[in-house]
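Here is how the chains run, residue by residue.
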Amino acid sequence: MKNDLERDLGLYATVTISMGAMIGSGIFVLPALGFKKAGPAVVIAYILAGLVVLPAALSKAEMATAMPESGGTYIYIDRAMGPLAGTVAGIGAWFSLVFKSSFALVGLGAYLLLLVPLSGGLVKAVALGLAALIIILNIVGTEQSGKAQSIIVTAVVVALAAYVLNAGVAVDATRFDGFTQKGTGGVVTAAAFVFVSYAGVTKIASVAEEIEDPDRNLPRGILISMGVMMVLYTLVVAAVVGLNDAKTLTTTGPGAGDSPSLTPMADGAGQLLGGVGVTVIAVVAILALTSMANAGVLASSRFPLAMSRDSLAPGGLARVSERFQTPRNAILVTGVLLLALIAFVPVVELAKLASAFQILVFSIVNLALIVFRTSGVESYQPSFRSPGYPFVQLFGVVGGFALLTQMGILPILGAAGIIVGGVAWYLLYGRSRTDRKGALGVIIARRRDEEPVTSD
Amino acid sequence: MSITHNVLIPLELPDPDPIPSVLVDTLASMEVVVLGHYGLPEQTPPSAGRNQFETKANTELDGLAQPLAEAGASVTTRLVFGKARDKTIDRVAVEEDCDVILTPGQAKTVERIVVPMRGAENLDRITSFVGELLSATDASVTLFHTSESSDRLPGEELLAAATDRLVETGVAPDRINQQLSEDEDVERSIVELGEDFDLLVLGETEPSLRDRIFGTVPAQVTADTEDPAFVVRDIDAPES
């Protein structure tokens, strides 16, 4: 059968796709949360987080060129380490993306309230309503939301650039005093916190098969988009820090008296241009966050779908609705989780858990690449090979776990919970229905052959 | 000088309109590729769609291609699942070496064919294809030119040159009409023309900046007219 994809994405398209997937809650909502942990050094936290994400992006890109199946992370880990690890990673990646979407929606609700005079307690209700709308949109099916997203991204980048330029005049340098007051620990915690800001870079992997000259454009696309975003985050976050009173950032959130602001960009704009600035930034934020939440629902519904096709989840989840021609059941399950998270989990925990699961999954992605390379299975023929192997991957794994340990007890429990839950689900459901081994199985089998088991 | 033509017929699955039977007759002596494009929303991975709908879609596609094969055309079918319809059509046209793309539309008869001409490029292929259509039918052809769309060659000369080529391929001169228009709006006048004719043959054009924003003239015309439209690709032109 002829390949149904055409390689027509150049370097520029690759970079914009990647940036489009990254811009969202990381810039519009998270800076204040990170500021609370790290003080002005939150700027450093953004750079650190980017460095730890990079290896996973390279690993994922390499595996994507060897396995052009949709399903992404889950498929790579399943094929590398077998269905048990696949189940854990699939559920982890699914939860992480849904967390990210729900967090984006809560932030979106907060920005919306800046435009419409309603009480702060309504943020959750607004977020729930928007979530329901996005779920319905996805079930009915959309044609052009990808295109809309790339237009929105361009607009957002322009707006951010203008924001930073304007801020250059108004920044109060004394606000960077106490840069080191929260210490290294605070910076690492903040980095773990904002980790999810870069998760979108792996979107490149999902279009890897469409990128022309992948050996050259894949690593460049990843490095350039990461580089640009690191600079952008650094400047914007520096502007936010410089424009705002520390108190505004850390205490003006909805609900309890000391919760951090969910609209740091608008707080900054208010300092800069008054009411008009707030309105403009709020509109830009709403557009970016809507598009991010929508893309998140679309992408996360692929995980239950792919697992279902591999018999690791009930078969109905892979069914495409005759009426809408969308995988309705997979979207519904994702939607129910989304609504439940918004309704029952506090916002800050949403952000933490999204990052924690992402760090966990990215660490496993790096391990999966090492497994593939070590196993030397015939079917693994990537057209792009990650530079710096295996040191880059090892850095990614170690760095990821280092961040994870700094996140406090709940995210660690959450990550452990996903692992335990994934294993339990596999034992109860998947194990009896699948007999795949993965590349890891090949390595283990080879070891057994080399070292005959001594019986005693 | 003989050019062989390979016609691509893209159909939107599921439940497409059948290819009008008068068109089937005009295609009887040609090579035809019937492309079933099964449109899926962004939410659905093409592989999942293929898994579930492939059998049904293939049956549908074969049913649509059958009249063509029965009429004597040599038919290939392709089935593609995805969302980028236009991109798929372009890609399959290149892969299958198709130089003409047909948008089937509605037609009860093929008596009056209109050929809006823009310039001298691709003239050989267009006239050769029109010649073949005329030999398969009793239709008359009107060569049409609007002054605004001219490059280098004046309209009268262009139409005269095209007429000569057609006569060379064996078309009786009394079946060929010429029409010059002063209208500025090329697409609108072509679409209006379509109301007086049964079938359009258009040359593919290099997209200009304006085209990239609003769509090329052939793309707009085929979108606006109910008539069947053949778009002749400029495959002899060097790759830009």
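1. Thoughts on the interface of chain A and chain B
Contacts between the two partners involve 21 residues from chain A, matched on the other side by 17 residues from chain B. Only α7 (145–170) and α14 (302–309) of chain A provide two or more residues apiece to the side of chain A that touches chain B. Class assignment for the residues of the side of chain A that touches chain B results in six nonpolar, nine polar and six charged.

2. A short note on the sheet that holds strand β8 (residues 199–203) of chain B
Residues and elements named next belong to chain B. The strand order across the open sheet built from nine strands is β3-β2-β1-β4-β9-β8-β5-β6-β7, with neighbouring strands paired in mixed fashion. The two strands at the open ends of the sheet, each matched to only one other strand, are β3 (74–82) and β7 (176–181). Each neighbouring strand pair of the sheet contributes to a mean axis angle of 20 degrees, computed without reference to strand direction.

3. Side note on the nonpolar core
A:Ala45, A:Ala191, A:Phe195 and A:Ala368 are the most contacted members of the largest nonpolar core, which totals 168 residues. With 27 residues, the single largest contributor to this core is helix α5 (residues 73–115) of chain A. Look past the residues within four positions of A:Ala191 in its chain and what remains in contact with it is A:Ala45, A:Leu48, A:Ala49 and A:Leu403. If you look at the next biggest cluster of nonpolar residues, it comprises 62 residues, including B:Leu11, B:Val24, B:Ala162 and B:Ile176.

4. Some points on helix α3 (residues 85–95) of chain B
Residue and element names in this part refer to chain B. Buried residues of α3: Thr88, Val92 and Ala93, and no others. Down the axis, α3 shows its buried residues gathered within 130 degrees of arc, on one side only. Turned more than 90 degrees away from the buried face of α3 sit Asp86 and Lys87, all of them exposed. Elements that come into contact with the buried residues of α3 comprise β1 (6–13), β2 (31–39), β3 and β4 (100–103).

5. Some details on the domain arrangement of chain B
Residue and element names in this part refer to chain B. One can read the domain layout of chain B as domain 1 (6–103) and domain 2 (112–232). Counting residues at the interface gives 11 residues for domain 1, matched by 11 residues for domain 2. Only α1 (21–26) and β4 provide two or more residues apiece to the side of domain 1 that touches domain 2. In terms of residue count, β4 provides more of the side of domain 1 that touches domain 2 than any other element does, four residues in total. Tallied by class, the residues present in the side of domain 1 that touches domain 2 amount to six nonpolar, three polar and two charged.

The rules behind each value
- Residues numbered from 1 in each chain as written.
- Chains lettered and ligands numbered in written order.
- Predicted model: local features only at pLDDT ≥ 70, side-chain atom pairs only at ≥ 80, totals over all residues.
- Contact = placed C-beta atoms within 7 Å.
- Helix = DSSP H or I, 4+ residues; strand = E, 2+ residues; numbered from the N terminus.
- Nonpolar A, V, L, I, M, F, W, Y, C, P; charged D, E, K, R; others polar.
- Pairing = 2+ DSSP bridges.
- Axes fitted to C-alpha atoms, helices over the stretch in contact; angles between N-to-C directions.
- Core = buried A, V, L, I, M, F, W, Y, C linked by C-beta atoms within 7 Å.
- Buried ≥ 20, exposed ≤ 12 C-beta atoms within 10 Å, placed from the backbone.
- Arc of directions from axis to C-beta.
- Domains from an automatic or database assignment.

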